[in-house]
Amino acid sequence: MAKKTVRDVDVSGKRVLVRVDFNVPLSERGEVEDDTRIRAALPTLQFLLDKGASLVVMSHLGRPKGQVVETLRLDPVAERLKALLGVPVRKLDTVVGPEVEEVCSALRPGEVVLLENLRFHPGETANDPDFAAALARLGDIYVNDAFGAAHRAHASVVGVAERLPAVAGLLMERELQALGGLLQDPARPFVAVLGGSKISDKLKVLFRLRELVDTLILGGGMCFTIMKWKGLEIGKSLCEEEFLDQVGELMEGETPGRAEIMLPQDVVVADDFRPDAEIRVVEAGGIPPGWMGLDIGPRTRDAYASRIGEAATIFWNGPMGVFEWERFQEGTRRVAEAIASSGAVTVAGGGDTISAIRKFGLEESFTHISTGGGASMEFLEGKALPGVEVLQEK
């Protein structure tokens, strides 16, 4: 059943409480380093303003664990939002209370306030009913545009939505459509490309994708745990030995209808984990003692790019190597460029994946870049997301 969105409610003259995901990286000087998540919320905020609403915007930032942490205040976020939205944004120094209610109740159409960091209040992550009720008093309608927080049963995600008419924002709608399209009748061949350092972070989604896709292409540090299970020499490459049994369950049982799994044929290895280490290319199963794999090798890049080029649907999460260092970025670059030029429906997600796409200047070449992180992976695992479930049905 589809969820109601901002298009399905009359917001004219209403105070709209909007949950966004402005959990952005800040520099040492306290400035917003990457405003991708702020920009992603702009269509919803602008839509609501154009329809005559006033906005009470709320977000978390970092993990202050219910305490006020001065370096995690939302002041720099408010400044960037003001610049991007082109209207005044009043930043409040608290989240709830009489002063906040007074300011919000006096809002006029077109005015915007930003609450302080939600997680400064211990009631947020506990989904405390009193805290949720206090937030709900700040608005007439609730909009969730924070897909990245939709897997958390927090007060601003679930508690408020149980107390106000609750609908999805435009970003939330796009995320659900794009990710839902991967699960429901995707165009085939369907190829999933997964990388990153730890296989423990990806096991659940790997088991699900094994049943959904035609080909699973694997790279990054997580591959070495699989190679270890296969009995191959991995030197001092990253390996999570405590997950070898689960890796075995994933890899065994080559049955019809399950995805083919592609692993690296060759790897770029280094004698130390540093950008200027000595490097060489070796066969994937023959990494010398004391050396570690930090990128996929040239033959693997060719094989992966070729298979990607045959796909009609592609999901990508996780780099192929330590792409932040120039000498270990070629695998991730080649895969990113192959996906971007494939002509397939392309969906990418995960912080490192988005960083790589930006680094190689390919943002405009993807069908959808998910800001969801952990929420995206849980959605693809088939889990119900509390922040989505609670929204009104169409």
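Peer 1: Mind laying out the packing of helix α7 (residues 170-183) against helix α14 (residues 374-381), listing which residues take part and the relevant values?
Peer 2: Where α7 meets α14, the axes come as close as 10 Å, and the angle between the chain directions of the two elements is 35°. The element α7 and its partner α14 pack so that their crossing is right-handed. Between α7 and α14, the residues in contact are Leu176, Leu179, Gly180, Leu182 and Leu183 and Ser376, Phe379 and Leu380, respectively.

Peer 1: Could you give an account of the pairing of strand β11 (residues 266-270), with specific residues and numbers?
Peer 2: Most of β11 sits out of view: five of its five residues are buried. Along β11, one buried face is formed by Asp266, Val268 and Ala270 and the opposite face, lined by Val267 and Val269, is buried too. Relative to strand β14 (residues 292-296), β11 is paired through four bridges, and the arrangement is antiparallel. By the bridge assignment for β14, Val269 is matched with Gly293.

Peer 1: Could you give me a rundown of the pattern of salt bridges, with the residues and numbers involved?
Peer 2: Throughout the structure, instances matching the rule amount to 29 salt bridges. The closest approach of N and O atoms between Asp75 and Lys91, which form a salt bridge, is 3.3 Å. Of this pair, Asp75 sits in helix α2 (residues 75-85) while Lys91 sits in strand β3 (residues 89-91), and the two are 16 residues apart along the sequence. Of the charged contacts, one joins Arg334 and Asp302 as a salt bridge, the two residues approaching to 2.7 Å between their closest N and O atoms.

Peer 1: Please give an account of the sheet that holds strand β2 (residues 54-58) that cites residues and values.
Peer 2: In space, the six strands of this open sheet follow the order β3-β4-β2-β1-β5-β6, with parallel pairing throughout. Of all the strands in the sheet, just β3 and β6 (166-168) have a single pairing partner and so form its edges. Pairs of neighbouring strands in the sheet enclose a mean axial angle of 25°, with direction left out of account. Relative to strand β4 (residues 112-114), β2 is paired through three bridges, and the arrangement is parallel. Residue Val56 lies in a different strand from β4, and its bridge partner there is Val113.

Peer 1: An account of the nonpolar core is needed here, citing residue identities and associated values.
Peer 2: It is characteristic of soluble globular proteins that their nonpolar side chains tend to be buried jointly. Grouped together as the largest cluster of nonpolar side chains are 69 residues, with contacts concentrated most on Leu194, Leu216 and Leu218. Per-element accounting of this core gives the leading share, five residues, to helix α8 (residues 203-212). When residues no more than four places from it in sequence are discounted, the contact partners of Leu216 are Ala192, Leu194, Leu206, Leu209, Arg210, Ala259, Glu260, Ile261 and Met262. Listed in part, the 32 residues of the second largest apolar core include Val6, Phe22, Val32 and Leu170.

Peer 1: Quick rundown of unusual backbone geometry? Include the residues and the values.
Peer 2: Residue Arg188 is joined to Pro189 through a cis peptide bond whose omega torsion reads 10°. Relative to the assigned elements, Pro189 resides in the loop between α7 and β7 (190-194). At Asn127, a position not held by glycine, the phi torsion is positive, near 50°. Of note in this structure, Asp185 is not a glycine but carries a positive phi near 55°. In this structure, Asp185 sits in the loop between α7 and β7. Its relative accessible area of 75% is what places Asp185 among the exposed residues.

Parameters and conventions
Residues numbered from 1 in each chain as written. Predicted model: local features only at pLDDT ≥ 70, side-chain atom pairs only at ≥ 80, totals over all residues. Heavy atoms only, no water. Axes fitted to C-alpha atoms, helices over the stretch in contact; angles between N-to-C directions. Helix = DSSP H or I, 4+ residues; strand = E, 2+ residues; numbered from the N terminus. Left-handed = near helix turned anticlockwise from the far one by under 90°. Contact = heavy atoms within 4.5 Å. Buried < 20%, exposed > 50% of the residue type's maximum accessible area, 1.4 Å probe, protein only. Pairing = 2+ DSSP bridges. Salt bridge = Lys/Arg side-chain N within 4 Å of Asp/Glu carboxyl O. Core = buried A, V, L, I, M, F, W, Y, C linked by side-chain atoms within 4.5 Å.

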